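# Reading the structure
Chain residues, written in single-letter form:
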Amino acid sequence: MNVVSGRRPRIEQTPDGRRFVVARVVDAPLDEVWDVLVTVAHWPEWGPSVSAVRGVEGAIEEGTRGEVRVAGAWIPFVVETCRDYRWTWRVAGVPATGHRVKPAGVERCEVAFEVPLCAAPYAAVCAVALRRIDETVSRRR
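This one's a predicted model, so the numbers in the text were calculated from it and none came from an experiment.

It is worth spelling out the nonpolar core at this point. Ranked by size, the top nonpolar core spans 36 residues in total, and within it Val33, Trp43, Ile60, Phe77, Trp87 and Ile133 carry the most contacts. Taken together, the elements giving at least two residues each to this core come down to strand S2 (17-26), helix H1 (30-38), helix H2 (43-46), strand S5 (73-83), strand S6 (86-91), strand S7 (94-103), strand S8 (109-116) and helix H3 (123-140). In this structure, isoleucine 60 is in contact with Val38, Val40, Trp43, Val79, Cys82 and Trp87, ignoring residues within four places of it in sequence.

Below you can see the structure in the form of structure tokens.
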């Protein structure tokens, strides 16, 4: 697996148990990156597997329910947690990726995806998403 901005994918203990984590440092303030992660209109820009979202306007919060279009099918999701710059969800009733942002210096932050161990190959998709998040934030600046 490729190194992503100097950080190798790794297994970490998260609030949801052991997860495979892929991360990238982005040259942007934490709040700007967080906004891209939680605003559903941006999901198709950075999510390689998400082509559309319906049933939600604006930003997600804990308990948000909607549907994502993946490979032409609409799949239900629910946001389980959304606080302290970290959110998690279930997609089709299955625990899916966690998303988090933390400071990494002045006007920089680390964006990370927490992938369930049973879905570790999905980390490659998440690495693409991290690059796209970086590009999305850069375009908005």
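Now, onward.
The next point concerns the pattern of salt bridges. Under the definition given, this model contains 15 salt bridges. Note that glutamate 80 and arginine 90 form a salt bridge whose closest N and O atoms lie 2.7 Å from each other. Taken together, the residues glutamate 80 in strand S5 and arginine 90 in strand S6 connect sequence positions 10 residues apart. Judged by its relative accessible area of 28%, arginine 90 is partly exposed. When salt bridges with common partners are traced through the structure, they connect Arg10, Glu12, Asp16, Arg86, Arg100, Lys102, Glu110 and Glu114 into a single cluster.

The next subject is the pairing of S7. Sheet analysis places S6 next to S7, joined by 5 bridges and oriented antiparallel. From the neighbouring strand, tryptophan 87 faces S7, where its bridge partner is histidine 99. Between S6 and S7, which pair antiparallel in sequence order, lie 2 residues; one of them, alanine 92, sits at a positive phi of approximately 55°. Where S7 and S8 come together, 6 bridges link them in antiparallel fashion. Across the sheet, residue proline 103 finds its bridge partner in S8, namely cysteine 109. The loop that links S7 with its antiparallel partner S8 comprises 5 residues; one of these, glycine 105, has a positive phi angle of about 125°.

What follows covers unusual backbone geometry. If you check the backbone angles, aspartate 84 has positive phi at about 55° while not being a glycine. One can find aspartate 84 in the loop between S5 and S6.

Strand order across the open sheet formed by 8 strands is S1-S2-S8-S7-S6-S5-S4-S3, with antiparallel pairing between neighbours. Looking at the sheet topology across the chains shown, the edges are occupied by strand S1 (10-14) and strand S3 (52-54). For this sheet the average axis-to-axis angle between neighbouring strands, irrespective of direction, equals 35°. This element, H1, spans S2, S5, S6, S7 and S8 of the sheet and lies at about 165° to S7. Sitting on the sheet, H3 touches S2, S7 and S8, and the angle it makes with S2 is about 30°.

Cut-offs and rules
Residues numbered from 1 in each chain as written. Predicted model: local features only at pLDDT ≥ 70, side-chain atom pairs only at ≥ 80, totals over all residues. Heavy atoms only, no water. Core = buried A, V, L, I, M, F, W, Y, C linked by side-chain atoms within 4.5 Å. Buried < 20%, exposed > 50% of the residue type's maximum accessible area, 1.4 Å probe, protein only. Helix = DSSP H or I, 4+ residues; strand = E, 2+ residues; numbered from the N terminus. Contact = heavy atoms within 4.5 Å. Salt bridge = Lys/Arg side-chain N within 4 Å of Asp/Glu carboxyl O. Pairing = 2+ DSSP bridges. Axes fitted to C-alpha atoms, helices over the stretch in contact; angles between N-to-C directions.

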